[in-house]
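Below, each chain spelled out in residue letters.
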Amino acid sequence: MPYSYEPHHFEDLAVGQTFESAGRTVTEADFAIHSMFTGDWTELHTNKEYSEDGPFGERIGHGPMTFILSTGLFQRTGVVERTVVAFLGMNYMDIPNPVVIGDTVSAEYEVTDKRDLESRDDAGLVVIDTEMTNQDGESVFAGDMKFLFKTKE
């Protein structure tokens, strides 16, 4: 069962270590807020009538919104609270299935790489593989997130 973890510094993380998020149900408000924030009002995401005749038969979440949900779930674990200096990017990102209104998503995270950086003595690079699934166990997001984690003082 997922639970909240304590903040982790660079030294606290080990390759192979895993974390599990709590779940979160996606709402129509999430779709609207994402559209308002980004200005992306694509009808596949925002027009119920149009999307019912589309390839998915209903509105689907924006791809970037799906990614953002996975980062928010990682934040909710508590692992990165006050210990992450920066999000540095990704090597890959896949969205194999859409997120729809009413889906409950949760994610699993695994530390896959950890490196000291010659350029910094206050932080190190940590790569976190992510897989977010819906309530049916279908993958809706997979990717690796690169973070700069603070070292202990």
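Before any of the text, the structure's been laid out above.
The rules behind the values
Residues numbered from 1 in each chain as written. Predicted model: local features only at pLDDT ≥ 70, side-chain atom pairs only at ≥ 80, totals over all residues. Heavy atoms only, no water. Salt bridge = Lys/Arg side-chain N within 4 Å of Asp/Glu carboxyl O. Helix = DSSP H or I, 4+ residues; strand = E, 2+ residues; numbered from the N terminus. Buried < 20%, exposed > 50% of the residue type's maximum accessible area, 1.4 Å probe, protein only. Axes fitted to C-alpha atoms, helices over the stretch in contact; angles between N-to-C directions. Parallel < 35°, antiparallel > 145°, perpendicular 65-115°, else oblique. Left-handed = near helix turned anticlockwise from the far one by under 90°. Contact = heavy atoms within 4.5 Å. Nonpolar A, V, L, I, M, F, W, Y, C, P; charged D, E, K, R; others polar. Lys, Arg positive; Asp, Glu negative; His and termini not counted. Polar contact = N/O pair within 3.5 Å; in protein donor to acceptor, adjacent residues only side chain to side chain. Pairing = 2+ DSSP bridges. Phe/Tyr/Trp six-rings, centres within 6.5 Å; stacked < 30°, edge-to-face > 60°. Lys NZ or Arg CZ within 6 Å of the ring centre and 35° of its normal.

S.K.: Honestly, the pattern of salt bridges in this entry has me stumped. Any pointers?
M.R.: A side chain of one charge can pair with a side chain of the opposite charge if their charged atoms are brought near each other. If you walk through the whole model with that rule in mind, you get 6 salt bridges. The closest approach of N and O atoms between Glu28 and Arg59, which form a salt bridge, is 3.1 Å. Placement of the pair is Glu28 in helix H1 (residues 28-38) and Arg59 in the loop between helix H3 (48-52) and helix H4 (63-77), with a sequence separation of 31 residues. Assessed through its relative accessible area of 14%, Arg59 is described here as buried. Two residues, Arg115 and Asp113, come together in a salt bridge whose shortest N-O distance is 2.8 Å. Classification of Asp113 by relative accessible area gives partly exposed; the value is 25%.

S.K.: How do you make sense of the packing of H1 against H4 when you look at a structure like this?
M.R.: Angle between the axes and distance between the axes: these two values describe a pair of packed helices. Closest axis-to-axis distance for the H1/H4 pair is 11 Å, and the angle between their directions is 110°. Judged by the angle between their axes, H1 and H4 are roughly perpendicular. Considering only the axes of H1 and H4, their crossing is right-handed. Residues Asp30, Phe31 and His34 of H1 pack against Pro64, Met65 and Ile68 of H4. Taken together, the residues that form the contact of H1 with H4 break down as 4 nonpolar, 1 polar and 1 charged.

S.K.: Quick question: what am I supposed to make of the side chain of Asp144 here?
M.R.: On the secondary structure map, Asp144 appears in strand S6 (residues 139-150). Buried within the structure, Asp144 lacks any salt-bridge partner; its nearest side chain of opposite charge belongs to Lys146, at an N-O separation of 6.5 Å. Separated by 2.8 Å, the side chains of Asp144 and Asn91 make a polar contact. There is a polar contact of 3.1 Å between the side chain of Asp144 and the backbone nitrogen of Tyr92.

S.K.: When you look at the pairing of S6 in this model, what are you seeing that I'm missing?
M.R.: In the case of a regular strand, side chains alternate between the two sheet surfaces. Counting buried residues along S6, 10 of its 12 residues qualify, which places the element largely inside the surrounding structure. Of the pairings in the sheet, the one linking strand S5 (residues 123-133) to S6 comprises 11 bridges and is antiparallel in character. Each residue of the ladder has a partner; that of Gly124, found in S6, is Phe149. Between the antiparallel neighbours S5 and S6 lie 5 residues, among them Gly137 with a positive phi of about 80°.

S.K.: Teacher, can you tell me more about the packing of aromatic side chains here?
M.R.: Describing an aromatic ring pair means giving the distance of the ring centres and the angle of the ring planes. With the rule as written, the count across this model stands at 7 aromatic pairs. With 5.9 Å between their ring centres and 45° between their planes, Phe67 and Phe141 make a pair best called tilted. Here the residue Phe67 occupies a position in helix H4, and Phe141 occupies one in strand S6, the gap between them amounting to 74 residues. A relative accessible area of 0% places Phe141 in the buried class. When the centroid spacing of 5.6 Å and the interplanar angle of 70° are considered together, the rings of Phe87 and Phe147 count as edge-to-face. Of this pair, Phe87 sits in strand S3 (residues 84-94) while Phe147 sits in strand S6, and the two are 60 residues apart along the sequence. What makes Phe147 buried here is its relative accessible area of 8%. Cluster of aromatic residues (ring-pair linked, three or more members): Phe67, Phe74, Phe87, Tyr109, Phe141, Phe147 and Phe149. Taking the ring centre of Phe10 as reference, the NZ or CZ of Lys114 above it sits at 4.6 Å.

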